[in-house]
Amino acid sequence: MPDSAIAPVGTPPEALRQSLATRFRKARGRTAELVAPLGAEDLMVRSLPEGAPAKWHLAHSTWFFESRVLIPCDPTYRPFDPAFLDLFAAVDDRFGHHMPAPTQHLLSRPTAAEVMRYRDHVNGAVLHLLDRIDEGRLEDAATRIELGLVHERRHQERLITDVKHAFWSNPLRPAYEPDPRPGPGTPSPQSWTAHPGGVVEIGRAEPVPGADHEGPRHRVMLPPFRLANRPVNCGEYLAFIEDRGYTTPSLWLGDGWEVARAEGWQAPLYWEWRDGGWQVFTLYGMRPLDPAEPVCHVSWYEADAFARWAGKRVPAESEWEAVAADRDAFGNLLGNGNRHPQAGGCQGEPPWQLFGDVWEWTRSPFLPYPGYRAPESEPVGEATAGRFMANRMVVRGGSCVTPFDYATAFTRHFLRPAARTAVTGIRLAEDG
Ligand SMILES: [Fe+2]
């Protein structure tokens, strides 16, 4: 069993303890790696109203294991600091803890070093608990830890996208890491994979902690369609901009046009016109626009307007899953490669880059699948997705900053249609 895989039902207790401990260490270690390039000042910055400073992400993901695993499962556990139970609770937690978002960036104390000690304390206590909890209570603790791991992965992606926006908000446009890229890629022509349509099954057959919204498995009737073999690249998106894409109202949904006007959108987030050409801010600093790279940091409204301009459409999530279901979930994901979308290599069977590089907008609103029921006993609150089933669109496939064990063919991530800070891109579709 790969160490990223969830232990199947009926795993013997010793194997379950070991699998959980390995994956817990790995997930927590990855969060620590993500903040390794940051200084104490970087850890304090928050530039987005809905974002959080990296230090808060570090402490809050720890709070989750302390409040949702250790306190309920280990009567001998003593909190690292009882004040942290309120201080680092989920902002909109429904269990009574509440931390108004506007104060997160004011927490110069506890210091970053103290937050790291908090993490070490809780990491040690979770591993100790796994070692000695009796078999009768192991299953409950295992479910809670699995949910904690899902929560940790979601915060890893939010942490890095919040850091990216914070660095971009700095006039110096600093780099988070040195640029590993040798140079611009070579644009590849667009091509298409045909799907015959018919009745297909999508969704998870078995429930997985933290992924209740990805089931139940159900049948969907699809007309024949064609899916683009790679995401839309920056060169193609530039042609949309140069063809007055941002100033032609007939290309836009009404809501999208209003947002684009109100926000003054003229290009994707992080594109800047400098010295007579477009540059793009990345985690590696500013770079000249690379026409071969997948375009990223576009909203659902921009994806939809681009598709209309191109004479195509954005795929439904069922179409995406019907094609992706028999592919390995491998690609440029966090832990596998580069922290910016890359020009595709077009290796193996198309379509390429279904996983990693950019989250791909679908035209599907984030709604329950037929037969969906939110979990009745909800031990950890915010890790369940049912309460977000309004005013969000589904994105698929994961991005270059999505932890590789979070992106699967079933993974349904959900974003507001005007969102641009996640690494979102466009894969086109057309009726077959
Ligand atoms: Fe959270």
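Residues numbered from 1 in each chain as written. Predicted model: local features only at pLDDT ≥ 70, side-chain atom pairs only at ≥ 80, totals over all residues. Heavy atoms only, no water.

## What to know about the sheet that holds strand E7 (residues 285-288)
Step number 1: Within the open sheet, the three strands sit side by side as E5-E6-E7. Their pairing is antiparallel. Sheet topology places strand E5 (271-274) and E7 at the edges, where each strand pairs with a single neighbour. Between one strand and the next, the sheet's axes are offset by a mean angle of 40 degrees, whatever the strand orientation. (Pairing = 2+ DSSP bridges. Helix = DSSP H or I, 4+ residues; strand = E, 2+ residues; numbered from the N terminus. Axes fitted to C-alpha atoms, helices over the stretch in contact; angles between N-to-C directions.)

## What to know about the domain arrangement of the protein
Step number 1: When its domains are assigned, the protein resolves into domain 1 (13-169) and domain 2 (192-431).
Step number 2: Between the C-alpha centres of domain 1 and domain 2 the distance comes to 27 Å.
Step number 3: At the junction of the two partners, domain 1 supplies 29 residues and domain 2 supplies 31 residues.
Step number 4: When domain 1 packs against domain 2, close to 2,800 Å² is buried across both sides, 62% of that on carbon and sulfur atoms.
Step number 5: Here domain 1 is connected to domain 2 by nine residue pairs in polar contact (both at pLDDT 80 or more).
Step number 6: At the level of elements, helix H1 (13-35), helix H2 (54-73) and helix H5 (135-168) are the ones that each hand at least two residues to the side of domain 1 that touches domain 2.
Step number 7: Split into classes, the residues belonging to the side of domain 1 that touches domain 2 amount to 11 nonpolar, seven polar and 11 charged. (Domains from an automatic or database assignment. Contact = heavy atoms within 4.5 Å. Buried area = accessible area lost by both parts, 1.4 Å probe. Polar contact = N/O pair within 3.5 Å; in protein donor to acceptor, adjacent residues only side chain to side chain. Nonpolar A, V, L, I, M, F, W, Y, C, P; charged D, E, K, R; others polar.)

## Brief notes about unusual backbone geometry
Step number 1: Proline 110 follows arginine 109 through a cis peptide bond whose omega is 0 degrees.
Step number 2: Residue position: proline 110 is located in the loop between helix H3 (84-87) and helix H4 (112-132).
Step number 3: Here the phi dihedral of asparagine 391 falls at roughly 65 degrees; this positive angle occurs in a residue that is not glycine.
Step number 4: Looking at the element boundaries, asparagine 391 is found in the loop between strand E8 (359-365) and strand E9 (393-396).

## Description of the packing of helix H6 (residues 234-242) against helix H8 (residues 300-309)
Step number 1: Where H6 meets H8, the axes come as close as 11 Å, and the angle between the chain directions of the two elements is 80 degrees. With respect to H8, the axis of H6 lies roughly perpendicular. Here Glu236, Tyr237, Ala239 and Phe240 of H6 lie close against H8, whose contacting residues are Glu302, Ala305, Phe306 and Trp309.
Step number 2: Classifying every residue of the contact of H6 with H8 gives six nonpolar, no polar and two charged. (Parallel < 35°, antiparallel > 145°, perpendicular 65-115°, else oblique.)

## Thoughts on the side chain of arginine 17
Step number 1: In this fold, arginine 17 is placed in helix H1.
Step number 2: By relative accessible area, which is 11% here, arginine 17 ends up buried.
Step number 3: Here the side chain of arginine 17 touches glutamate 14 through a polar contact of 3.0 Å, side chain to side chain.
Step number 4: Those residues in contact with arginine 17, other than ones at most four positions away along the chain, are Leu130, Asp131, Arg132, Ile133, Asp134, Glu135 and Leu138. (Buried < 20%, exposed > 50% of the residue type's maximum accessible area, 1.4 Å probe, protein only.)

## Quick notes on H6
Step number 1: Considered for burial, the residues of H6 that qualify are Cys234, Tyr237, Leu238, Phe240 and Ile241. Down the axis of H6, the sector holding all buried residues measures 155 degrees, keeping them to one side.
Step number 2: The inward-facing, buried residues of H6 abut E5, strand E6 (277-282) and H8.
Step number 3: For H6, the capping residue at the N-terminal end is asparagine 233, with a side-chain oxygen 3.1 Å from the backbone nitrogen of glycine 235. (Arc of directions from axis to C-beta.)

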